[in-house]
Amino acid sequence: MSSVDVHLGAPAPGRRWLVPALGVTLAGAGLAYFGTHGVPGPMVAVATILPALALLGYGLWFWLRAPAGARGDAVFAWAIGGAGVVITLDLWAVLVGTYGSTTTVTHVVIQHTSTGALGAAIAGTYSERDRWRAGSHLRLLRALDAAMDGIAVLDDAGNVSFANAAFAEGYGVDSPGGVVGDPWQVCYPEATRERVAAVLAELDAGEREEWQGTVTARRVDGTTYPQDLSMTALAGDGYVWVCRDVTGREERDQRLRVLNRVLRHNVRNALNLVLGRAERLRERHGDDEDIESIVAAAENLLAAGEKARLLERALEAGVAPADRLGEIVTEEVERAADQYPDVSFETTVSCELEADSRLRLAVRELLSNAAEHNDAADPTVHVTVEAGPPTVRVADNGSGIPENERRALGGVEETPLRHGSGVGLWLVYWLVTQSDGTVGVTDEGNVVVRPDAEPVKSPEGAGKN
């Protein structure tokens, strides 16, 4: 199972070398003292130098491996404070005559100062770490509470242990406190409970690490709504849920589906009627410029509708079988050469990779676009397929793609004053990006498609269909 590991704003290390430097200073002071006054005995030397060396060792560990949040300057201040407290106590002991000679006092002060600095440095390290963790936790809670998506944490019993404001709002209560402690089942109708319970069982069994889908959720007043839900199992016990009310999106998609179906059906029938009547007019009056304009406009609209239908089918199908990229391009070039006999097509293929077969429609549209809109006296289209990185390049000797048409290949939203003439290049953009590729136009006007391609699979694999 996966775990959630969040780091928020760890402070800069802040001169961590100060702590080992303090250890070096105190160890040096002890050695200098014994070098000047001699060593009273081995036990005295060990008792004096050992705490300073321990502080030096801890300082080196802190310098190299200190926990996140423990700043060097802050821990150094703790160490100085601990040493200061010990020195103050030793001075008080000297005033009351607790210690003997001045010589004895000197090495005892060094020993106590090192011990006090070591203890305070250790305490300061973990105090600073815990202080940062508490602040980081608070910032995390504030960030989660400000998120637009509903976020909840469930314990191992399936009860909500944390919820942000968006989750509570989707549930239909005023504050997160109104949902914390409730079992997750109260947020969903019976049909959804069975589906979610099955997913939770898979998460618990380790069969998957996370799940995403659209479900039907329920508010406290009993009303239901469509919800995008993702669930992730924690490394310990419990789950993280992220959800969003997608009522607006579902309604918009429904309207688009209805309008698409009605318009496509009605427009196709009406255009077929227009073409039939235009043909009758042509029989009566012969070739006429107005009649030809009507026929051309109707045929263009029918072609746009057919492109939209093919695009819809391709995108709804999801991931498509892989096909040899070179064969896709070669076959589509042959098809275009038959369709546009007045255009010369040249192909260079040096690629033995497989790509999403939906790219076939994208290549077909690029070839049609290059042939139909080529204004050169001797129109030529050159298609190159390269292997490293996998690239399909379509170039022609015409005037190139207008700027307002290039916007579609970049996925730039159209505006009323800046729009293209059809859906063809949008079809290319959607198909390429849907199959995890990229598409763009060079300064020379060449269209470059970089598909997500893989080496050709063996006959035993799921290779070319």
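The structure presented is a predicted model; accordingly, all values stated were derived computationally and were not measured.

A closer look at the sheet that holds strand 8 (residues 353-356)
Here 3 strands make up an open sheet; going across it, the order is 6-8-13 and the pairing antiparallel. Since the sheet does not close on itself, it has two edges, and those belong to strand 6 (322-324) and strand 13 (454-455), each with one partner. The pairing of strand 8 with strand 13 spans 2 bridges and is classified as antiparallel. Of the residues in strand 13, the one forming a bridge with E354 is E454. This element, helix 9 (residues 325-339), spans strand 6 and strand 8 of the sheet and lies at about 70° to strand 6.

Quick look at the packing of helix 9 against helix 10 (residues 359-372)
Where helix 9 contacts helix 10, the axes come no closer than 9 Å and their chain directions differ by 40°. Classified by the angle between their axes, helix 9 and helix 10 sit oblique to one another. When the axes of helix 9 and helix 10 are compared, the crossing they make is right-handed. On helix 10, the residues touching L325, I328, V329, E331, E332, V333, R335, A336 and Q339 of helix 9 are L359, R360, V363, R364, L367 and S368. A class-by-class count of the residues in the contact of helix 9 with helix 10 yields 8 nonpolar, 2 polar and 5 charged.

Structural notes on the side chain of T125
Mapped onto the secondary structure, T125 falls in helix 4 (residues 102-146). Given a relative accessible area of 0%, T125 falls into the buried group. A polar side-chain atom of T125 sits 2.8 Å from a polar atom in the side chain of Y58. Those residues in contact with T125 that lie beyond four places of it in its chain are Y58, F62, P67, A70 and V75.

Some thoughts on helix 12 (residues 424-434)
Side chains that are three or four residues apart share a direction in an α-helix, a result of its 3.6 residues per turn. Within the span of helix 12, buried status applies to G424, L425, W426, L427, V428, L431 and V432. D436, located one to two residues past helix 12, shows a positive phi value of around 65°.

Quick word on the environment of A303
As for its position among the elements, A303 is in helix 8 (residues 289-316). Take A303: its relative accessible area is 36%, and that puts it in the partly exposed class.

Examining the side chain of R16
Looking at the secondary structure, you find R16 in the segment before helix 1 (18-37). The buried charged residue R16 lacks any salt bridge partner; its closest oppositely charged side chain belongs to D73, at an N-O distance of 8.3 Å. Discounting residues that sit within four places of it in the chain, R16 has contacts with F62, W63, A66, P67, A70 and G72.

Looking at the pairing of strand 1 (residues 150-154)
For strand 1, the buried fraction is high: 4 of the 5 residues fall into the buried class. Bridge analysis of strand 1 against strand 5 (residues 239-245) gives 5 bridges, and the strand direction is antiparallel. The residue bridging A152 from the neighbouring strand is W241, located in strand 5. Taking the residues that link successive antiparallel strands as the turn, the strand 1-strand 2 (residues 160-163) hairpin has 5 residues, and the phi of G158 there is positive, at about 85°.

Remarks on the pattern of salt bridges
What the rule picks out here adds up to 17 salt bridges. Where D149 meets R244, a salt bridge forms, and the shortest distance between an N and an O atom there is 2.6 Å. Taken together, the residues span a long stretch of sequence, with D149 in the loop between helix 4 and strand 1 and R244 in strand 5 at a distance of 95 residues. A relative accessible area of 23% places D149 in the partly exposed class. For R244, a relative accessible area of 45% puts it in the partly exposed group. The shortest N-O distance in the salt bridge between D323 and R360 comes to 3.3 Å. Here the residue D323 occupies a position in strand 6, and R360 occupies one in helix 10, the gap between them amounting to 37 residues. Given the relative accessible area of 10%, D323 is considered buried. Bridged by salt links that share partners, the residues R15, R71, D73, E128 and R131 form one connected network.

Examining the nonpolar core
With 36 residues, the main nonpolar core has F345, L367, V381, V383, V392 and V394 as its most contacted residues. Mapped by element, the contributors of at least two residues to this core are helix 9, strand 8, helix 10, strand 9 (380-386), strand 10 (391-396), helix 11 (403-409), helix 12 and strand 12 (447-450). In this structure F345 touches V333, A336, A337, Y340, L367, A371 and V381, once residues within four positions along its chain are discounted. Within the second largest apolar cluster, 26 residues are counted, among which are V196, W211, Y239 and C243.

Topic: the packing of helix 1 against helix 2 (residues 42-65)
Interaxial distance between helix 1 and helix 2 falls to 7 Å at its minimum, and their mutual angle equals 160°. Relative to helix 2, the element helix 1 is oriented roughly antiparallel. In the packing of helix 1 onto helix 2, the handedness of the crossing is left-handed. On helix 2, the residues that touch V19, P20, L22, G23, V24, L26, A27, G30, L31 and F34 of helix 1 are V44, A45, T48, I49, A52, L53, L55, L56, G59, L60, F62 and W63. Of the residues assigned to the contact of helix 1 with helix 2, the class counts are 18 nonpolar, 4 polar and no charged.

So, a nonpolar patch on the surface
Taken together, W17, L60, W63 and L64 make up a surface patch of nonpolar side chains, about 460 Å² in accessible area. You can see L64 is positioned in helix 2. On the accessibility criterion, L64 (68% relative accessible area) is exposed.

Regarding the packing of aromatic side chains
How two aromatic rings sit relative to each other is set out by the distance from centre to centre and by the angle between their planes. Scanning the model with the defined rule gives 6 aromatic pairs in all. Between W426 and W430, the ring centres sit 5.3 Å apart and the planes meet at 35°, which makes this aromatic pair tilted. Of this pair, W426 and W430 are both found in helix 12, 4 residues apart, which corresponds to roughly one turn of the helix. For W430, a relative accessible area of 36% translates into the label partly exposed. A connected cluster of aromatic rings, assembled from ring pairs, spans W184, Y188 and W241. Directly above the aromatic system of F62 lies the positively charged group of R16, at a separation of 5.7 Å from the ring centroid.

Criteria and thresholds
Residues numbered from 1 in each chain as written. Predicted model: local features only at pLDDT ≥ 70, side-chain atom pairs only at ≥ 80, totals over all residues. Heavy atoms only, no water. Pairing = 2+ DSSP bridges. Helix = DSSP H or I, 4+ residues; strand = E, 2+ residues; numbered from the N terminus. Contact = heavy atoms within 4.5 Å. Axes fitted to C-alpha atoms, helices over the stretch in contact; angles between N-to-C directions. Parallel < 35°, antiparallel > 145°, perpendicular 65-115°, else oblique. Left-handed = near helix turned anticlockwise from the far one by under 90°. Nonpolar A, V, L, I, M, F, W, Y, C, P; charged D, E, K, R; others polar. Buried < 20%, exposed > 50% of the residue type's maximum accessible area, 1.4 Å probe, protein only. Polar contact = N/O pair within 3.5 Å; in protein donor to acceptor, adjacent residues only side chain to side chain. Lys, Arg positive; Asp, Glu negative; His and termini not counted. Salt bridge = Lys/Arg side-chain N within 4 Å of Asp/Glu carboxyl O. Core = buried A, V, L, I, M, F, W, Y, C linked by side-chain atoms within 4.5 Å. Patch = residues over 30% accessible without salt bridge, like charges linked within 9 Å, V, L, I, M, F, W, Y side chains within 5 Å. Areas by Shrake-Rupley, 256 points an atom, 1.4 Å probe, with all protein chains shown as cover. Phe/Tyr/Trp six-rings, centres within 6.5 Å; stacked < 30°, edge-to-face > 60°. Lys NZ or Arg CZ within 6 Å of the ring centre and 35° of its normal.

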